[in-house]
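# Residue-level structure breakdown
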Protein chains: 2
Amino acid sequence: MLYIKKEPGKQLYFQIYEYYRNNILSGQIAENTLLPSTRHLADELSVSRTTVDTAYQQLLAEGYIYSVPKSGYYVSHVAHIKPAEASPSFRAEDDTAKEDRIYIEGIRYNFQYGRLSSDTFPYSLWKKLTNKVILEMDPAHITAYNSRTGEAAFKEEIARYIYSSRGVSCNADDIVIGSSLLTIISLICQLFQGTIKSVAIEDPCYDTARSFFINHGYDIYPIPLTDDGPDVQKLADTDARLVYITPSHQFPSGKVMSVNQRIRILQWAEENNAFIIEDDYDSEYRYDSKPLPSLQSLDHANRVIYTNTFSKSLAPALRTSFMALPPQLKELYDMKFSNYNCTVPLLTQLTLTRFMAEGHWVRHLRKIALINRKKHDHLVRQITEQLGPFVKIHGNNAGLHLLLSVDNGMDEADLVAAAGAKGVRVYPISHYYANRPAESNCVLLGFGALSHDDITEGVRLLREAWS
Amino acid sequence: MLYIKKEPGKQLYFQIYEYYRNNILSGQIAENTLLPSTRHLADELSVSRTTVDTAYQQLLAEGYIYSVPKSGYYVSHVAHIKPAEASPSFRAEDDTAKEDRIYIEGIRYNFQYGRLSSDTFPYSLWKKLTNKVILEMDPAHITAYNSRTGEAAFKEEIARYIYSSRGVSCNADDIVIGSSLLTIISLICQLFQGTIKSVAIEDPCYDTARSFFINHGYDIYPIPLTDDGPDVQKLADTDARLVYITPSHQFPSGKVMSVNQRIRILQWAEENNAFIIEDDYDSEYRYDSKPLPSLQSLDHANRVIYTNTFSKSLAPALRTSFMALPPQLKELYDMKFSNYNCTVPLLTQLTLTRFMAEGHWVRHLRKIALINRKKHDHLVRQITEQLGPFVKIHGNNAGLHLLLSVDNGMDEADLVAAAGAKGVRVYPISHYYANRPAESNCVLLGFGALSHDDITEGVRLLREAWS
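What counts and how
Residues numbered from 1 in each chain as written. Chains lettered and ligands numbered in written order. Predicted model: local features only at pLDDT ≥ 70, side-chain atom pairs only at ≥ 80, totals over all residues. Heavy atoms only, no water. Pairing = 2+ DSSP bridges. Helix = DSSP H or I, 4+ residues; strand = E, 2+ residues; numbered from the N terminus. Buried < 20%, exposed > 50% of the residue type's maximum accessible area, 1.4 Å probe, protein only. Contact = heavy atoms within 4.5 Å. Buried area = accessible area lost by both parts, 1.4 Å probe. Salt bridge = Lys/Arg side-chain N within 4 Å of Asp/Glu carboxyl O. Nonpolar A, V, L, I, M, F, W, Y, C, P; charged D, E, K, R; others polar. Least-squares fit on C-alpha atoms with pLDDT ≥ 70 in both. pLDDT = per-residue confidence, 0-100.

## Points about the sheet that holds strand S9 (residues 275–279) of chain B
Residue and element names in this part refer to chain B. Ordered in space as S4-S11-S10-S9-S8-S5-S6-S7, the eight strands form an open sheet in which the pairing is mixed. Two strands lie at the open edges of the sheet, namely strand S4 (175–178) and strand S7 (229–230), each paired on one side alone. Note that strand S5 (residues 198–203) and strand S8 (residues 242–245) share two bridges and pair parallel. Directly across from Ala-200, in S8, lies its bridge partner Val-243.

Okay, structure coming up:
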């Protein structure tokens, strides 16, 4: 029988509605049954007629009952189903990827890649700029869908920056803003949908990028690395017409693509009507020379899609990346994606625009490059002094990580486990390979989030763990 | 010959670097040529030796030159190419989709769908909450990659909201936050990559969603609409195992899916191991009854992927959408996408969380539903009074738009053009059809961004245009 009680968050009308709905769905109240009149039910339940009427209107709108003029409401012919059992949990677990959590049980020194020192982010400046942006923005813009590919002023700042610092020559209109590398690669995959079926990747490479392509249905050709970049001859042996590379700082090996390999891959692209995705993810960090100009700066045949992110130099939590498309691909983009909206919130875009336009960005880059250079040098010194001759450093002098091969008889898993037992987290690299090497004694150490003291102590513990 | 002048934005070392790079690439400076000593060149150019050394280190790092101990730097063997011509434009055009701009030449009354009144967004509250979030956040979180599927507290608020207001029964952990419907559908397409090849859609439907699927390589089955929703019999005749529908408020027709059709489509999904994407995009707006519960609330076989957005009720510029996955699909998601990061910035997520947790969201919904109900009623009244019997209203009593069929001999294009000539923009609907009807005399009128006076005057001009 229907009864009404005060339940927090449940309106009275809804209890009446729910009672009838569930009983009609289960067949407890048969087809063509006449419902009580609103007056009668309202009296019986001591609620207002409006409450009952709201419930009936709801049942009517959804087709549970029908109305017969001057007679009343009757139960419709409804197929019988068991209603869903509603006992949801409103508690969510933190599902940050395990390696991205700061505190991992027992781990005191986490040589994690991709995290920056929290004291490098300009909080009070960011707050000030955000306030300015909210106050000064055209109110009509926040309640609207805005620029398809990103705010014009933001694209202008980015075009200026990548030209002056990375040698990227593109028009502001050829830039597309997206919320992450996944968004950017997804757009590229959609752009070539139906025309390109396979993509070549470096082997090893950033495994998440590899899975982006696979999850978009692309076939993968892993191209082995030589000392000066991906093996372009092996690339030419495939029928791939798209290749994803990291020329300035190969991930994870840290290798730099030589100018000859660069020219060779550009020629390959031109001759095969192919395209190159250049991921320039942490090119701001180079410690033995100035940052290397982008591959795109050598491209005179419009074959390079240049992509970069604010994650490695400012903050991953801003979720802002971008790409610069060659003009003919931008034309295709505009045609194919004329209804696609930019995925980065307007406030984020406008705050970043101010940050760049007012000169904070260049100052920030200079500051964070210096901080990370010092960390890098300190880590290299600690490794050399404390771990000595039984380790070898690879891919240093750039970026926010280096590789360490350890010649003590342990394999990758042993090295990670022994370090972990001492409270130090270092990272395996074999999952970056499409064709995994038979054995590896190599691990990855990121240093972006650690202090000098942490680095010293972490390396000391590594010595204990590995000797 | 190399000369140095002050160029704003170009460092001295870079001019030296660029001179050698370009001349080596073009072959002007031959392989194995010895470069001047740093001391010699520094004297000649009146720059410091460090400047020259920086340029040489850069050329060395990129492979343009090689070093011979105790002798100097020599030009490497480099393939000759024409360097890219660098004359980029840093001016970007506003590429907001034309129909999304506020001021279209000559258009005074724009019955555009998808835009809200700018005075409905709570600016000062948003500013206050954003400041609080920046001040109170754990600094370590902004310089890190955070929760893969969205912040736990945000997912809890969403789970609570869609349960109480939309009857959606899911655990907070089954929710995935994404920056737009495109992001959500892209994730779904990637999730089913390799297992499902075709998707059924309503015909007509939101054309952009249709293109998302096509651009991910899916085959499309358009399913015609009956009076109470998509024709489930026709759906069952296809081999589709995924269907995208808008049960609460079919776009663009405004039809409501009856309970019998709902049960039928759930049964179809269960029997065919198929899944239903329920896009509940503007279900908060229903004017003749309470909002209709979601299809998901009837699903006891875990077949419905529920998706919704903050664009229609708060602000499109926040770029925040979400989906609730059935548990078995969430398990697949976690397995397949263990490295995918959430695409919505942390600040946006945390600000929205506070907005919901402090009760502003429910108050805002109540306010904006009332505002839009009044606009809707006013528009219906104006149409009835001013346009009279030669028009018919379809799909009213819900959402932020309605359809108007006009019986004056004009077709869709004529109607849009005649309205435009009077300064009123109404929208065609035939592009929403996969199988376009031979002729249509129907146009779409959105009312979310117009004032009552604008509506009155806009409809008056429509009478002039169409009679």
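## So, the pairing of strand S16 (residues 442–446) of chain B
Residue and element names in this part refer to chain B. Across the five residues that make up S16, a large majority, five, are buried. Both strand S13 (residues 401–406) and S16 contribute to a ladder of five bridges, which runs antiparallel. If you follow Ser-405 over to S16, its bridge partner there is Cys-442. In the sheet, strand S15 (residues 427–428) pairs with S16 via two bridges, with the strands oriented antiparallel. Within the sheet, the bridge partner assigned to Pro-428 lies in S16 and is Val-443.

## Some words on the interface of chain B and chain A
Interface size is commonly expressed as the accessible area that is lost once the parts come together. Between chain B and chain A, the residue contacts involve 125 residues of the former and 125 residues of the latter. Approximately 10,300 Å² of surface area, both sides summed, lies buried where chain B meets chain A, with 58% of it carried by carbon and sulfur atoms. For the chain B face of the interface with chain A, the top three residues by lost area are Phe90(B), Thr143(B) and Tyr145(B), together amounting to 8%. In this assembly, chain B and chain A are joined by six salt bridges. The salt bridge involving Glu156(A) is made with Arg91(B); its shortest N-O contact spans 3.4 Å. Top element by residues in the side of chain B that touches chain A is helix H4 (residues 123–136) of chain B. It accounts for seven residues. Partitioning the side of chain B that touches chain A into residue classes produces 56 nonpolar, 46 polar and 23 charged.

## So, the pattern of salt bridges
Following the criterion strictly, the structure yields 29 salt bridges over all chains and no others. Ionic pairing is found between Lys132(B) and Glu358(B), a salt bridge with its closest N-O pair at 4.0 Å. In this pair, Lys132(B) is assigned in helix H4 and Glu358(B) in the loop between helix H12 (346–357) and helix H13 (360–387), connecting sequence segments 226 residues apart. With a relative accessible area of 31%, Glu358(B) lands in the partly exposed category. Close ionic contact of Arg166(B) with Asp280(B) constitutes a salt bridge, the shortest N to O distance being 2.5 Å. One end of the pair, Arg166(B), is in helix H6 (residues 152–166); the other, Asp280(B), is in the loop between S9 and strand S10 (304–309), with 114 residues separating them in the sequence. Through salt bridges with shared partners, one network takes in Asp95(A), Arg148(B), Lys155(B), Lys330(B) and Asp334(B).

## Examining the relation of the copies chain B and chain A
Under the fitted operation, chain B is carried onto chain A by 0.0 Å of movement along the axis and a turn of 180°, and the coordinates agree to an RMSD of 0.1 Å. Within this description, the copies of the chain are treated as partners about a two-fold rotation axis. Comparing interface residues between copies, 100% of those in chain B also lie at the interface in chain A; the contact surface is shared.

## Points about the confidence of the model for chain A
Across chain A, the average pLDDT comes to 90, with 95% of residues at or above 70. Both scores are given for the predicted complex: the pTM is 0.88, the ipTM 0.86.

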